[in-house]
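The primary structure of each chain is shown beneath.
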Amino acid sequence: MPAIGTSGHVPVMLTEVLDALKPEAGDAILDCTFGGGGYTTAILNASDCTVWGIDRDPDAIARGEALAKAFEAQSGKPRLHMLHGGFGSMQRLAEDAEAPAFNGIVLDLGVSSFQLDEAERGFSFKQDGPLDMRMAKSGPTAADIVNKAPESELADIFHFYGEERQARRVARAIVADRVETPFTSTLQLAGLIRRVVRADRSGIDSATRSFQGLRIAVNDELGEIERGLEQALDLLAPGGRLVVVSFHSLEDRIAKRVFGAATGKTTQSFSRYDPRAAMSRGDESPFVTLTHKPVRPGEAECLTNPRARSARLRAIAKRNPNASSCDKGLNP
């Protein structure tokens, strides 16, 4: 049976993600960040499993529904189910869809290539478009924040979310300029940032960090990650694997902390009524680390896809008390 493709979209670290998930026939897999459908397509082509795809972007849901029809036409049975919403609400979405416990869950954090490449979505500082940045196409836009937030709030957004060392200078310049001319476009904002932030030797565009911080603030990305990872642990079936691909230190730090708490390697903050709290009593943790340090993309991938350069992959598995150490469930 020929494999179904995804219109040229190549997801980051695809081989590594599949190696970590190890999808098998009959498995239920949750792709929490469907985006262009790259991971989902590869998973469905790799084994006779079923995938539930989550995305809050209505454009991604439309792409997923078309892909679901293609796989159903090929196999004669539904293999892809799309769930519209943020992955920070994955537990409710899965319950509403009456999905089973998942044998694998994957999250590809950050903005999707489709969103970056569509100037009208307002994520890119390389193409002119409305200053929007909303993944769900609802709620306050980036322009709302840039034009209305106090200088101190803007500085915090650029500093804490974008890790921009010149955050206060950027915020001060924005507040001064918006008095005469409100910010409405991506190139307008990028031009101001490039004016006040000197380019460094890394070759990274001066607007990169501030745009990142603004995007994270618009979409509450860090809060969404925190909520999503906690829920993902609960949605795993025994032996199930959770794989996270992050693209900057803020995302990776959250994954490292949540995974460390789940495996008992760091102080945890779960309720004492939660089974995971057993780790605080010195008992065996119900989760095991699959990646003792983050996995990095290969040199060849970084050369062909520059967006992969900052990617980090971490994976964790839920112990299966009924599996031997050599089984998929991992019970070392």
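Everything discussed here concerns the structure shown above.
Okay, the nonpolar core next. One finds Leu30, Met90, Phe102, Ile105, Leu107, Leu229 and Leu242 to be the most contacted residues of the largest nonpolar core, which totals 33 residues. Sequence-distant contacts of leucine 229, defined by excluding residues within four places in its chain, comprise Leu107, Leu242, Val244, Ile254, Ala255 and Val258. Ranked by size, the runner-up nonpolar core spans 30 residues in total, among them Val146, Ala149, Leu189 and Val197.

This next bit is on the pattern of salt bridges. Across all of its chains, the model carries 15 salt bridges by this definition. Put simply, aspartate 59 and lysine 137 hold a salt bridge, and the shortest N to O gap is 3.0 Å. With aspartate 59 in helix H3 (residues 58–75) and lysine 137 in the loop between helix H5 (113–117) and helix H6 (142–148), this residue pair connects regions lying 78 residues apart in the sequence. By relative accessible area, which is 26% here, aspartate 59 ends up partly exposed. Accessibility expressed as a relative area gives 37% for lysine 137, which makes it partly exposed. Between arginine 257 and glutamate 226 there is a salt bridge, and its shortest N-O distance comes to 2.9 Å. Taken together, the residues arginine 257 in helix H12 (residues 249–262) and glutamate 226 in helix H11 (residues 221–235) connect sequence positions 31 residues apart.

With respect to the helices and strands, the residue glutamate 224 is situated in helix H11. At a separation of 3.0 Å, a polar atom in the side chain of glutamate 224 contacts the side chain of arginine 227. The residues touching glutamate 224, leaving out its near neighbours within four places in the chain, are Arg56, Gly86, Phe87 and Gly88.

For strand S4 (residues 102–108), the tally of buried residues reaches six of seven residues, placing the bulk of the element in the interior. Two elements, strand S1 (residues 28–31) and S4, share three bridges in a ladder whose sense is parallel. Bridge assignment links isoleucine 29 to a residue of S4, and that residue is glycine 104. Judged from the six bridges that link them, S4 and strand S5 (residues 236–246) form a sheet pairing that is parallel. Along S5, the bridge assignment pairs valine 106 with valine 243.

The rules we used
- Residues numbered from 1 in each chain as written.
- Predicted model: local features only at pLDDT ≥ 70, side-chain atom pairs only at ≥ 80, totals over all residues.
- Heavy atoms only, no water.
- Core = buried A, V, L, I, M, F, W, Y, C linked by side-chain atoms within 4.5 Å.
- Buried < 20%, exposed > 50% of the residue type's maximum accessible area, 1.4 Å probe, protein only.
- Contact = heavy atoms within 4.5 Å.
- Salt bridge = Lys/Arg side-chain N within 4 Å of Asp/Glu carboxyl O.
- Helix = DSSP H or I, 4+ residues; strand = E, 2+ residues; numbered from the N terminus.
- Polar contact = N/O pair within 3.5 Å; in protein donor to acceptor, adjacent residues only side chain to side chain.
- Pairing = 2+ DSSP bridges.

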